[in-house]
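Below are the chains, spelled out letter by letter.
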Amino acid sequence: MKYYHKEETANGQAKSPVKTEYISGAEAVLKCLLAEGVDTIFGYPGGAIMPVYDALYDYQDQINHILPRHEQGAIHAAEGYARVTRQTGVCMATSGPGALNLATGIADAIMDSVPLVCITGQVFSHVLGSDAFQETDVIGCTNSISKWNCQITRPEQIPEAFAKAFYIANSGRPGPVVIDITKDAQNGKFDFSYQSTKYIRSYHPLPKPKKDAIQNAADLINAAKKPFILAGHGIQIAGAQEEFKTFVEKTGIPLGCTIHGLSSIPNSHPLHMGMLGMHGNYGPNIKTNECDVLIAIGMRFDDRVTGKLSEYATQAKVIHIEIDPSEINKNVHADVAVLADAKDALKALIPLVKKKSYPEWYAEFAACDKMEYEKVIQRDMQANAKNEMRMGQVVKEVSDQTKGQAVVVTDVGQHQMVAARYYNYLSTNQWVSSGGAGTMGYGLPAAFGAKYAQPEREVVCFVGDGGFQMTLQELGMCSQWNVGVKIVLLDNNYLGMVRQWQQLFFDRRYSSVELQNPDFLKIAEGFGVKGRHITDPKDLKEAVAEMLAFDGPYLLHVSVEKEENIFPMVPSGCSISDTRLE
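Calculation rules
Residues numbered from 1 in each chain as written. Predicted model: local features only at pLDDT ≥ 70, side-chain atom pairs only at ≥ 80, totals over all residues. Heavy atoms only, no water. Helix = DSSP H or I, 4+ residues; strand = E, 2+ residues; numbered from the N terminus. Buried < 20%, exposed > 50% of the residue type's maximum accessible area, 1.4 Å probe, protein only. Polar contact = N/O pair within 3.5 Å; in protein donor to acceptor, adjacent residues only side chain to side chain. Contact = heavy atoms within 4.5 Å. Phe/Tyr/Trp six-rings, centres within 6.5 Å; stacked < 30°, edge-to-face > 60°. Lys NZ or Arg CZ within 6 Å of the ring centre and 35° of its normal. Arc of directions from axis to C-beta. Pairing = 2+ DSSP bridges. Axes fitted to C-alpha atoms, helices over the stretch in contact; angles between N-to-C directions. Parallel < 35°, antiparallel > 145°, perpendicular 65-115°, else oblique. Left-handed = near helix turned anticlockwise from the far one by under 90°. Nonpolar A, V, L, I, M, F, W, Y, C, P; charged D, E, K, R; others polar. Salt bridge = Lys/Arg side-chain N within 4 Å of Asp/Glu carboxyl O.

> Tell me about the side chain of Thr94, residues and numbers included.
Residue position: Thr94 is located in the loop between β5 (89–93) and α4 (97–100). Owing to a relative accessible area of 5%, Thr94 belongs among the buried residues under this scheme. Within the structure, Thr94 has its side chain in polar contact with the backbone nitrogen of Ala48 (distance 3.1 Å). Setting aside residues no more than four positions away along its own chain, Thr94 makes contact with Tyr44, Gly46, Gly47, Ala48, Ile49, Ala99, Thr120 and Gly121.

> Describe in detail the packing of aromatic side chains, supporting the description with residues and values.
What the rule picks out here adds up to 14 aromatic pairs. Each residue in the set Phe42, Tyr81, Phe448 and Tyr452 is aromatic and connected to the rest through ring pairs, giving one cluster. Across the ring face of Tyr494, the terminal group of Arg499 is positioned such that the distance to the ring centre comes to 5.7 Å.

> Summarise helix α23 (residues 540–549); cite the residues concerned and give the values.
Of the positions making up α23, those classed as buried are Leu540, Ala543, Val544, Met547 and Leu548. In a view along the axis of α23, the buried residues occupy a sector of 130°, so they form one face of it. In α23, the exposed positions that point more than 90 degrees away from the buried face belong to Lys541 and Ala549. Buried residues in α23 make contact with α16 (391–401), β18 (459–464), β19 (486–491), β20 (530–534) and β21 (554–559).

> Tell me about the sheet that holds β5, residues and numbers included.
Spatially, β4-β3-β5-β6-β8-β7 is the arrangement adopted by the six strands of the open sheet, whose pairing is parallel. Two strands close off the open sheet at either side, each with one partner strand: β4 (64–66) and β7 (148–152). Averaged over all pairs of adjacent strands, the angle between strand axes in this sheet comes to 20°, irrespective of strand direction. In the sheet, strand β6 (residues 116–122) pairs with strand β8 (residues 176–182) via seven bridges, with the strands oriented parallel. Bridge pairing in β8 links Gly121 to Ile181. In the packing of helix α3 (residues 71–85) onto the sheet, the strands contacted are β3 (40–43), β5 and β6, and the crossing angle to β5 comes to about 170°. Of the strands in this sheet, β6 and β8 are in contact with helix α5 (residues 103–112), which crosses β8 at around 145°.

> With reference to specific residues and values, describe the packing of α16 against α23.
A pair of packed helices is captured by two measures, namely the crossing angle of their axes and the spacing between those axes. Across the interface, α16 lies against α23 with an axial gap of 10 Å and an inter-helix angle of 50°. Here α16 is positioned oblique relative to α23, judged by the angle of their axes. The two elements α16 and α23 cross, and the hand of that crossing is right-handed. Contacts between α16 and α23 involve Gln393, Val394, Glu397, Val398 and Gln401 from the former and Leu540, Lys541, Val544, Ala545 and Leu548 from the latter. Within the contact of α16 with α23, the residues separate by chemical class into six nonpolar, two polar and two charged.

> Run through the environment of Pro325, naming residues and quoting values.
Assignment of secondary structure puts Pro325 in the loop between β14 (317–322) and β15 (336–339). Along the sequence, Pro325 and Leu339 sit 14 residues apart, while their C-alpha atoms lie 6.6 Å from each other.

> Could you give an account of the environment of Tyr22, naming the residues involved and the relevant values?
Along the chain, the position of Tyr22 falls in strand β2 (residues 18–24). With relative accessibility at 57%, the residue Tyr22 sits in the exposed group. In contact with Tyr22, not counting residues within four places along its chain, are Lys189, Phe190 and Asp191.

> Requested: an account of the pattern of salt bridges, with residues and values cited.
Within this structure, the stated rule accounts for 27 salt bridges. A salt bridge links Lys208 to Asp344; the nearest nitrogen and oxygen atoms lie 3.7 Å apart. One end of the pair, Lys208, is in the loop between β9 (189–192) and α9 (211–223); the other, Asp344, is in helix α14 (residues 342–349), with 136 residues separating them in the sequence. In this structure, Glu514 and Lys562 form a salt bridge, with 2.6 Å as the shortest nitrogen-oxygen distance. In this pair, Glu514 is assigned in the loop between α21 (496–505) and α22 (520–526) and Lys562 in the segment after β21, connecting sequence segments 48 residues apart. A relative accessible area of 51% places Glu514 in the exposed class. On the accessibility criterion, Lys562 (32% relative accessible area) is partly exposed. Ionic contacts of the salt-bridge type, sharing partners, join the residues Arg173, Asp324, Glu327 and Lys330 into one network.

> How would you summarise the sheet that holds β19 if you had to cite specific residues and measurements?
Taken in spatial order, the six strands of this open sheet run β17-β16-β18-β19-β21-β20, and their pairing is parallel. Because the sheet does not close on itself, it has two edges, and the strands there are β17 (431–432) and β20. Two elements, β20 and β21, share five bridges in a ladder whose sense is parallel. Bridge pairing in β21 links Lys530 to Tyr554. Helix-sheet contacts for α16 involve β18, β19 and β21, and the interaxial angle to β19 is about 165°.

Here you go:
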């Protein structure tokens, strides 16, 4: 140990001595992580990151390291961890292919506002640009898919870079940051000290709501005859669930959730009208184009919600509460823009809005619900004429037996939409899925990360047979750490969502969508994961109970109707008013 100090601070006060340690850059990386409260890394070792892994050997009692079977598994696990904890997830990989195998997850995290610190090894600084073995321009490759990135070539740069990285990743609108560290920076020694930061010049991640914007929003809300709320992911990122519930109940305004807004408020709430989007509920979609005031909270007007933009909510005054200024007026013009964290904005709005009720407006939603139940839901809850199970049946059975309290993780495809529609979310922060990027292969590793982070919660992962085969090697991760993820495989032997589009819009020209699947139970058994396969609806209840009772990871393989379609559906390029029920 040694100490140093500067003569004085800017205000003339003597600085206290700062304790330093003469250590390697590799060890400094671990000390930075510990200083930021990190207890888990999801990573895959290799040559260019080996000094950090060597240093990690002496920190195994302080930092847990989870070894996936592929780097994509590492970053999706870190995403799942971050999504349920709202803390920054950490993943690590070597240079070249290792770093590039993180890229899909980095893009996924930037789209879905997931805080990550992604650490990549890099070749020695003196050979940068020479096409050295496993060299890749990580900074160039991740510029457009990360919130911030930097390359470290000297060990002295490590503390400041990590302090910035953690602050940027989980402040304002969260997102992934990338730190690329050359091997000589890991090997070199320097006088290490660390101080976390909450300030970066020119970076202002938490704008305060302006009084005039709040008042203008309140005036529009109070004068509305048919108001409607769009509840987005930003409500949960901000931890604003209680404020949101208070706002909804005081104003009496009905609401619809985006897919990432699911579990912002319990499904059982009388003002919760369902999910928005391409496969959302009929009422929330149709009534968006009939409301007079549209209040969007923590959402970005994604095309899967808006449909044809030129025909989206043209009759409504739009209030947009959003922390990211780049989203304001990007897709939909805001008559009142409230640039602020959802929690701060709702706190400011609640005293100004009037207590109201809209019984006739509610009745319009109820009529839509009745129509959707008769044409869609009733069918989805029962086996077909061949006694083949439908996906909705399976999801509802899991929902009933978990009492609507499980964390639901999904892969991407038809099963994702069914899980969003038919699980009865009765708690908060229950939905973990890939939205903006639509990343097949996301489900299993993300479920591992969620369950590892919160082992006391039931975590159920719904996957399709297509996406599951992209990352099913992560069954090994579940087995090695005995993390009790319950995996429900809804198997229709198709890339189901693509097949549905080919059926409806390409004259049933089924091109490259039928799958010849392996024996999933044998694969699971090979990894040490118990499982069961069912084909008959009469076995469903007992099989779900067996899965949930099992202590450890479990695969329930369910054969479902092969050509089931998911409705309602807004065809691509159409208005949400054109929502199809069949």
